[in-house]
Amino acid sequence: MQVQDAVGTPGRFARHTWADAARLPADRVLGGLAYGVADDDVSLPDWLAPVPAAALLSDDRAHADVWPAAGRVREGRTGSIRWRHDGQHLFGAVEFEEDGRGLEVLAHRAYRDLFSTLADTGYAHLMRLWNYLPRINEDGGGLERYRQFNAGRQQAFIDAGQAAFEGAPAACALGFHGEGLLLRFMAGRTVPVAIENPRQVPAWRYPADYGPRAPTFSRAAVVRTASDAAHLFVSGTASIVGHATVHEGDLDAQIDETLRNLEAVFAESRRSGVAFSLADSEPVVYVRHPAQAAAVRHRLAQALGPQSRFMRQAVYLHADICRSDLLVEIETHLH
Ligand code: 3EB
């Protein structure tokens with residue numbers, strides 16, 4: 001196979017094994033995410049950002065999502081944030097240590113630095129954020145750590161003049177079993193189209209029962225590349241209807257509700273001119289209890305068909321979901 005084919009098509013993620021990803025020429029890739037990375041894992045190329053949540057059900061097939069470069073790649077740092085850009089998009093990654101001042105302060109600082117990166121590089125519009133923080137459902141001193149994170153994140157969006165409510169980027173926020181606040185992000189030079197789910201209250205409008213400041217994300221974002229290819233980033237999606245968690249304690253029912261939410265986001269995105277099918281997507285499935293991973297896969301196979309691209313390509317990761325009553329969360333991206 002020629003290098004060109006191995007790297008993939010610019011403007012879309014390609015899912016590789018780590019081993020295959022590590023062999024790709026660095027000047028041909030913008031960036032990517034390596035799933036299931038543990039502290040003692042073999043060194044990955046530095047353009048590949050680790051997602052340090054343990055892979056479930058697929059130990060022999062550690063995966064990475066790689067975004068091929070659309071043009072000449074430049075790389076650099078703004079403060080502690082590492083970034084690469086290719087003329088169309090920017091991929092960034094950063095890890096912050098907790099300093100004892102709490103997650104609200106840390107999230108605010110992290111996002112302030114992130115927005116400085118966007119201002120310095122000219123890639124002004126966030127498309128997709130991946131947030132990972134430890135002990136996400138624990139009390140951080142009067143407030144759950146996820147809620148503290150939300151407060152700092154929203155304030156940083158407001159301070160930077162970024163869309164903190166309508167038009168917020170697609171995102172996920174997961175609890176991982178490690179240390180530090182980890183952000184990975186993609187930004188571009190055009191404003192993405194934010195998609196909401198009619199079955200759900202926009203997250204940026206969640207009532208104060210879920211914390212003093214709402215989470216800052218949209219259910220999905222549509223991005224068009226220079227070649228006019230469309231890309232759909234679907235945020236972490238779970239068993240929430242309206243603003244309430246439904247089917248507490250019922251794994252199968254939570255999965256079914258999550259799939260209904262994903263279908264609703266896909267249907268909504270068709271109104272923005274992108275027609276994709278869920279069964280053809282390549283998901284990441286976050287599972288709170290590793291012992292339930294096989295049951296999750298079984299239910300998904302019943303719903304989507306065992307031979308679907310979704311099932312063949314699915315990555316399962318051990319992570320805490322940002323509400324303690326949620327057992328699974330699914331995200332995906334399509335092109
Ligand atoms: C939800 O719908 C589930 O805080 O960035 C999903 C995606 C969730 C992103 C975030 C949280 C976030 O509220 C949790």
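Each chain carries its own residue numbering, running from 1 in the direction its sequence is written. Per-residue local features are limited, in this predicted model, to residues with pLDDT of at least 70; the limit for side-chain atom pairs, both in listing and counting, is 80 or more; totals at the level of whole chains, interfaces and linings are taken over all residues. Only hydrogens and water are set aside when side-chain values are computed; all heavy atoms of the structure are taken into account.

**Student:** Sorry, what's going on with the overall build of the chain here?
**Tutor:** Helix and strand counts for the chain stand at 7 helices and 19 strands. In summary, the chain has a C-alpha radius of gyration of 18 Å against a globular reference of 20 Å for 335 residues, a match within 12%. If one aligns the C-alpha atoms of the chain with their principal axes, the spans along those axes are about 50 × 45 × 45 Å. In this analysis, two residues are considered to be in contact whenever any of their non-hydrogen atoms come within 4.5 Å of each other. Summarising the internal contacts of the chain: among those between residues at least 6 apart in sequence, 73% fall at separations of at least 24. Method for areas: the Shrake-Rupley scheme with a 1.4 Å probe, in which residue coverage is limited to the protein chains shown. Only carbon and sulfur atoms are counted for the fraction: they give 48% of the accessible area of the chain, which is about 13300 Å². Put simply, the chain has 34 plus and 41 minus side-chain charges, and the middle of one group is 5 Å from the middle of the other. Secondary structure follows DSSP: runs of H or I at least 4 residues long count as helices, runs of E at least 2 residues long count as strands, and numbering of each begins at the N terminus. Radius of gyration: over C-alpha atoms. The globule rule applied is 2.2 Å multiplied by the number of residues raised to the 0.38 power. Charge counting treats Lys and Arg as positive and Asp and Glu as negative, with His and both chain ends excluded. Positions of charges follow a simple convention, taking NZ of Lys, CZ of Arg, CG of Asp or CD of Glu.

**Student:** Please clarify how the site of the ligand should be interpreted in this entry.
**Tutor:** Any residue with a heavy atom lying within 4 Å of a molecule or strand is counted as near it. Around the ligand sit 13 residues, and of these Tyr146, Arg153, Tyr206, Arg219 and Cys322 come closest. Here arginine 153 contributes a side-chain N or O atom positioned 2.7 Å from an oxygen atom of the ligand. Arginine 219 is positioned with one of its side-chain polar atoms (N or O) 2.8 Å from an oxygen atom of the ligand. When isolated, the ligand has an accessible area of 350 Å², and the protein chains bury 100% of it. Residue assignment for the shell around the ligand shows that the elements contributing at least two residues are α4 (145-159) and β10 (170-176). Any pair of N or O atoms that falls within 3.5 Å is considered a polar contact. Within protein, one atom must be able to donate a hydrogen and the other to accept it, and sequence-neighbouring residues count only if both atoms are side-chain atoms.

**Student:** When you look at the pairing of strand β2 (residues 29-35) in this model, what are you seeing that I'm missing?
**Tutor:** Residues in a regular strand project their side chains so that they alternate between the two faces of the sheet. Most of β2 is tucked away: 7 of the 7 residues are buried. Summarising the sheet, β2 and strand β5 (residues 63-68) pair through 5 bridges and their orientation is antiparallel. Looking at the pairing, valine 29 lines up with proline 68 of β5. In short, DSSP must find at least two bridges between two strands for them to pair. One ladder, built from 4 bridges, connects β2 with strand β3 (residues 48-51); its direction is parallel. Across the sheet, residue tyrosine 35 finds its bridge partner in β3, namely valine 51. Relative accessibility decides the category of a residue: with a 1.4 Å probe and only protein chains considered, values under 20% of the type maximum give buried, values over 50% give exposed, and everything between is partly exposed.

**Student:** What should I look at first to understand the sheet that holds strand β8 (residues 89-96) in this one?
**Tutor:** To summarise the sheet geometry, strands pair through backbone hydrogen bonds and adopt either a parallel or an antiparallel arrangement. Ordered by their spatial adjacency, 6 strands build an open sheet running β6-β7-β8-β11-β9-β10, and the pairing between neighbours is mixed. Two strands lie at the open edges of the sheet, namely β6 (74-78) and β10, each paired on one side alone. Each neighbouring strand pair of the sheet contributes to a mean axis angle of 15°, computed without reference to strand direction. Where strand β9 (residues 125-134) lies against strand β11 (residues 181-188), 7 bridges are found, and the strand directions are antiparallel. By the bridge assignment, tryptophan 130 is partnered in β11 with arginine 184. Axis definition: a line fit to C-alpha positions, over the contact stretch in the case of helices; interaxial angles, taken between N-to-C directions, run 0 to 180 degrees. Contacts between helix α3 (residues 103-121) and the sheet are confined to β6, β7 (81-85), β8, β9 and β11, with β11 contributing the most and set at about 30° to the helix. This element, α4, spans β9, β10 and β11 of the sheet and lies at about 155° to β9.

**Student:** Any chance you could explain the sheet that holds strand β19 (residues 328-334) here in plain terms?
**Tutor:** Within the open sheet, the 7 strands sit side by side as β4-β18-β17-β19-β14-β13-β12. Their pairing is mixed. Pairing within the sheet leaves two strands with one partner each, and these edge strands are β4 (55-56) and β12 (193-195). Where strand β14 (residues 230-237) meets β19, 4 bridges bridge the pair, whose relative direction is antiparallel. Within the sheet, the bridge partner assigned to phenylalanine 233 lies in β19 and is histidine 333. Against the sheet, helix α6 (residues 293-304) touches β4, β17 (284-287), β18 (315-318) and β19, its axis set at about 140° to β17.

**Student:** Looking at this structure, I do not really get the environment of alanine 151. What am I missing?
**Tutor:** Locating alanine 151 in the fold gives a position in helix α4. Note: C-alpha distance between alanine 151 and alanine 62 (89 residues apart in sequence) is 34 Å. Residues within four places of alanine 151 in sequence aside, it is in contact with Glu104 and Arg213.

**Student:** Would you mind going over the pattern of salt bridges with me for this structure?
**Tutor:** Where charged atoms from two side chains of opposite charge come close, those side chains can pair. Salt bridge, as used here: a side-chain nitrogen of Lys or Arg that lies within 4 Å of a carboxyl oxygen of Asp or Glu. Going through the model one piece at a time under the given rule, you end up with 21 salt bridges. Among the ionic pairs, arginine 23 bridges to aspartate 20, the shortest N-O distance being 2.7 Å. A salt bridge links arginine 82 to glutamate 95; the shortest N-O distance between them is 2.9 Å. Here arginine 82, found in strand β7, pairs with glutamate 95, found in strand β8; they are 13 residues apart in sequence, far enough to count as distant.

**Student:** Is there a simple way to think about the packing of α3 against α4 in this case?
**Tutor:** A pair of packed helices is characterised by two quantities: the angle between their axes and the separation of those axes. At a closest axis distance of 7 Å, the pairing of α3 and α4 adopts a crossing angle of 35°. Between α3 and α4 the crossing geometry is right-handed. Residues Leu103, Glu104, Ala107, His108, Tyr111, Arg112 and Phe115 of α3 lie in contact with α4, whose contacting residues are Arg145, Gln148, Phe149, Ala151, Gly152, Arg153, Gln155, Ala156, Phe157 and Asp159. The nonpolar class holds Ala, Val, Leu, Ile, Met, Phe, Trp, Tyr, Cys and Pro. Asp, Glu, Lys and Arg form the charged class, and all remaining residues, Gly among them, are polar. For the contact of α3 with α4, the residue count by class is 8 nonpolar, 4 polar and 5 charged. Handedness of each helix crossing follows the sense of rotation of the near helix against the far helix: counterclockwise by less than a right angle gives left-handed, clockwise gives right-handed.

**Student:** What exactly am I supposed to notice about α6 here?
**Tutor:** The periodicity of an α-helix, 3.6 residues per turn, causes residues three or four places apart in sequence to face the same way. Compared with an ideal rise of 1.5 Å per residue, which puts 12 residues at 16 Å, α6 spans 16 Å between its outermost C-alpha atoms and is within 8% of the ideal. Listing the buried residues of α6 in full gives Ala293, Val296, Leu300, Ala301 and Leu304. One side of α6 carries all its buried residues, which in axial view fall inside an arc of 130°. Of the exposed residues in α6, the ones pointing more than 90 degrees away from its buried face are His298 and Gln302. Buried residues belonging to α6 abut β4, α5 (251-270), β17, α7 (309-313), β18 and β19. One or two positions beyond α6, positive phi appears at glycine 305, with a value near 90°. Expected span of a helix, by definition, is 1.5 Å for each gap between consecutive residues, and there is one gap fewer than residues. Throughout, the arc means the angular range of directions from the helix axis out to the C-beta atoms.

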